[in-house]
Amino acid sequence: MATKNTSARNQKALLTGLPEDVSVDRIEQHAHSIELFVSWKEPGLGERFCTRCGGTHCVKKDSGTVQTVRHLPVGLRGTLITFHKPRFLCRECGKTFYLKPSWLIKDISITYPLLLDIYVRLTSTTHSVTDIARDTHTSPAIVQNVIGHFEMPHPKTLPETLGIDEFLGGCS
């Protein structure tokens with residue numbers, strides 16, 4: 001049975017849109033943001049996969065590092081999530097790698113809920129990239145990275161007729 005303290009931590013994680021294996025340890029309020037210090041359940045031995053060879057014989061190499069990522073804004077404040085990211089050594093190929101939580105977007109340093117929020121806002125024709133960045137407390141560069149993150153399928157063939165409206169060609 002979970003203690004009252006653990007239950008409260010899990011409730012905070014659920015309210016913030018994070019998975020159940022994430023618990024909020026501490027919350028700090030800053031001038032323009034809220035920072036959540038979280039811990040997450042690391043995969044056990046045999047559940048860790050090397051990013052190069054896919055091997056499962058990976059052991060902790062050192063203490064790892066602390067990373068801070070952006071999350072869904074709360075009210076008029078941005079939300080930062082700070083967590084410990086362990087570093088592992090693959091015994092099969094010798095590569096070292098950091099273990100990435102499943103709720104984190106690779107190469108953008110934002111969470112999946114924030115990625116989806118930005119993506120939904122991008123589908124609106126009334127919001128510019130700068131507006132979306134301001135509303136989600138991110139930067140226009142992060143919004144551009146989200147645009148690049150989704151691959152749109154290209155048509156295999158073009159239609160027989162192609163209409164171009166309001167085309168201004170240069171005249172010499």
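Up top is the structure.
The written sequence of each chain sets the order in which its residues are numbered from 1. Thresholds applied to this predicted model are a pLDDT of at least 70 for local features of residues and 80 or more for the giving and counting of side-chain atom pairs; totals over whole chains, interfaces and linings are not thresholded and use all residues. No hydrogens and no water enter the side-chain calculation; it runs on all heavy atoms of the structure.

Student: Before we move on, can you summarise the pairing of strand E1 (residues 22-29) with the specific residues and values?
Tutor: One requirement defines pairing of two strands: DSSP has to find at least two bridges between them. Think of it this way: any DSSP run of H or I at least four residues long counts as a helix, any run of E at least two long counts as a strand, and we number them from the N terminus. The pairing of E1 with strand E2 (residues 33-40) spans seven bridges and is antiparallel. Bridge pairing links Arg26 to Phe37 in E2. Linking E1 back to E2 in an antiparallel pair, the connection comprises three residues.

Student: Can you lay out the pattern of salt bridges for me, pointing to particular residues and giving the numbers?
Tutor: Oppositely charged side chains can form a pair if their charged atoms are brought close together. Salt bridge criterion: a side-chain nitrogen from Lys or Arg within 4 Å of a carboxyl oxygen from Asp or Glu. Here the structure, examined in full by the defined rule, presents six salt bridges. Here Arg134 ties to Asp135 by a salt bridge, and the two come within 4.0 Å at their closest N and O atoms. For each residue, the accessible area found with a 1.4 Å probe, counting protein chains only, is set against the maximum for its type, and the residue is called buried under 20%, exposed over 50%, and partly exposed in between. Among the residues examined, Arg134 registers a relative accessible area of 52% and is labelled exposed. Asp135 sits in the partly exposed class, given a relative accessible area of 30%. Here the salt bridges share partners, and the residues they tie into one network are Asp117, Arg121, Asp131, Arg134 and Asp135.

Student: Please set out the nonpolar core residue by residue, giving values where relevant.
Tutor: Val38, Ile81, Phe83, Phe97 and Trp103 are the most contacted members of the largest nonpolar core, which has 18 residues in total. Of all the secondary-structure elements, those providing two or more residues to this core are E1, E2, strand E3 (58-74) and strand E4 (77-90). Setting aside residues up to four positions removed in sequence, Ile81 forms contacts with Leu18, Leu36, Val38, Gln67, Thr68, Val69, His71, Trp103 and Thr111. Only buried residues count toward a nonpolar core. Its members are Ala, Val, Leu, Ile, Met, Phe, Trp, Tyr and Cys residues joined through side-chain atoms within 4.5 Å. Counting residues in each nonpolar core, the second largest holds 11 residues, with Ile105, Ile108, Ile142 and Val143 among its members. In what follows, residue pairs with any heavy atoms lying within 4.5 Å of each other are defined as contacts.

Student: Quick one: what's the story with the environment of Leu18, residue by residue and with numbers?
Tutor: Following the sequence through the fold, Leu18 ends up in the loop between helix H1 (4-15) and E1. Judged by its relative accessible area of 4%, Leu18 is buried. Measuring from C-alpha to C-alpha, the distance between Leu18 and His71 comes to 9.4 Å, with 53 residues separating the pair along the chain.

Student: Which residues make up the pairing of E2, and what values go with them?
Tutor: Judged by how many residues are buried, E2 sits mostly within the fold: seven of eight residues are covered. Across five bridges, the pairing between E2 and E4 is parallel. Note on E4: the bridge partner recorded for Glu35 is Leu80.

Student: Give a detailed account of helix H2 (residues 112-122), specifying residues and quantitative values.
Tutor: At 3.6 residues per turn, the α-helix brings residues three or four places apart onto the same side. For H2, the full list of buried residues reads Leu114, Leu115, Asp117 and Ile118. Looking straight down H2, one finds that the buried residues subtend no more than 165° of arc, so they occupy a single side. What the arc describes is the spread of directions from the helix axis to the C-beta atoms.

Student: Residues and numbers for unusual backbone geometry, please.
Tutor: Phi angles above zero are rare outside glycine, and Asp107 is one such case at about 70°. Summarising the element assignment, Asp107 is placed in the loop between strand E5 (96-98) and H2. Note on Asp107: relative accessible area 71%, which makes it exposed. Positive phi outside glycine occurs at Ser109, with the angle close to 60°. Tracing the sequence through the fold places Ser109 in the loop between E5 and H2.

Student: I'd love a proper account of the environment of Asp117, names of residues and values included.
Tutor: With respect to the helices and strands, the residue Asp117 is situated in helix H2. Separated by 15 residues in sequence, Asp117 and Ile132 place their C-alpha atoms 9.5 Å apart. Contacts of Asp117, omitting those with residues within four sequence positions, involve Leu72 and Thr136.

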